[in-house]
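In case you want the letters, here they are:
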Amino acid sequence: MLSHQRVFEKINQHWFYLVAVVMIAGEWILVRTDSWRMPLLIEAGVIGDLAIILPILYFVCYRQKGKSAIVRALALSCSAIWVCGYIIPQAHHHLLTSLSWLRYLGMAAVILFELRFMILLYRSVFKLDESAEQIAAKIVSGNDMPLWLARLISWEAAFWRKTWQLLKRMSGY
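For the structure given in this document, a descriptive report is provided here. Since the structure is predicted, the reported quantities are computational estimates derived from the model, not experimental observations.

1. Side note on unusual backbone geometry
Even without being a glycine, W36 presents a positive backbone phi close to 60°. Topologically, W36 is positioned in the loop between helix 2 (15-33) and helix 3 (39-61). The exposure class of W36 is buried, given its relative accessible area of 11%.

2. So, the side chain of H93
Within the secondary structure layout, H93 lies in the loop between helix 4 (67-87) and helix 5 (95-127). The class of H93 is buried, set by a relative accessible area of 14%. Only 3.2 Å separates the side chain of H93 from the backbone oxygen of G85, close enough to count as a polar contact. With near-sequence residues (within four places) excluded, H93 lies in contact with E43, C84, G85 and I88.

3. Focus on the environment of V46
Considering the arrangement of structural elements, one finds V46 in helix 3. Judged by its relative accessible area of 0%, V46 falls in the buried class. In the structure, V46 is positioned 38 residues away from C84 in sequence and 7.3 Å away in space, judged by C-alpha atoms. For V46, the residues in contact, after removing those within four places along its chain, are E27, L30, V31, C84 and I88.

4. Observations concerning helix 4
For helix 4, spanning 21 residues, the distance from its first C-alpha to its last is 30 Å, which sits close to the expected 30 Å at 1.5 Å a residue. Taken as a whole, helix 4 has its buried residues at S68, A69, V71, A73, A75, S77, C78, A80, I81, C84 and I87.

5. Focus on the packing of aromatic side chains
All told, the structure shown has 5 aromatic pairs when counted by the stated rule. Aromatic side chains F16 and Y58 sit 5.1 Å apart centroid to centroid with 85° between the ring planes, which places their arrangement in the edge-to-face category. Residue F16 is located in helix 2, and its partner Y58 is located in helix 3; the two are separated by 42 residues in the primary sequence. We note that F16, like Y58, is buried. Their ring planes at 45° and their centres at 4.9 Å tell us that Y58 and Y62 sit as a pair that is tilted.

Reading the values: the criteria
- Per chain, residue numbering runs from 1 following the sequence as it is written.
- Per-residue local features are limited, in this predicted model, to residues with pLDDT of at least 70; the limit for side-chain atom pairs, both in listing and counting, is 80 or more; totals at the level of whole chains, interfaces and linings are taken over all residues.
- Values reported for side chains reflect all heavy atoms of the structure, with hydrogen atoms and water molecules removed beforehand.
- The numbering of helices and of strands both runs from the N terminus, where a helix is a DSSP run of H or I of at least 4 residues and a strand a run of E of at least 2.
- Burial classification: accessible surface area is computed with a 1.4 Å probe over protein chains only, and a residue below 20% of its type maximum counts as buried, one above 50% as exposed, and the rest as partly exposed.
- Whenever two N or O atoms come within 3.5 Å, that pair is a polar contact, provided that in protein one can donate a hydrogen and the other can accept it, and provided that, for residues adjacent in sequence, both atoms are side-chain atoms.
- Note on definitions: a residue-residue contact is assigned when non-hydrogen atoms from the two residues lie within 4.5 Å.
- Every helix has an expected span of 1.5 Å times one less than the residues it contains.
- Classification of ring pairs uses Phe, Tyr and Trp, with its six-membered ring standing for Trp, and accepts pairs whose centres are within 6.5 Å; under 30 degrees between planes counts as stacked, over 60 as edge-to-face, and the remaining range as tilted.

Shown next as structure tokens:
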């Protein structure tokens, strides 16, 4: 069982999640209870809060993680634009329709970042004669990734390396 001090330490470390829940709930309540007399202002406020302020708060909370915090904040911003499409009633999608391309652009940047990471990983697996566990340890030490995920990725990469070697032997290369 966690002591009160330990709970407060965790909240102090990960305060972003508490703020995010309160912020999203506040936006949801605002959108559902407002009369929408000024729809552009409300829509801009909701989009600004969720797609700009929330990712900035995420980065402030986890800035010690470096590049991964920036990439995750970007992904959070793109996801927030998507969530705004569900929070804001369809009849009031004025700014949102003109901003939807940003979501795709941001997600493409995140995918390219992740793809670069996967290419580097596979390249290291195919070049080195290390075990999956050694590769997983290297991945975890250099990145903000759980050990189980690094193991899974390295085992998959090792599987493809062995498959490639088998195919090369079978074909005579």
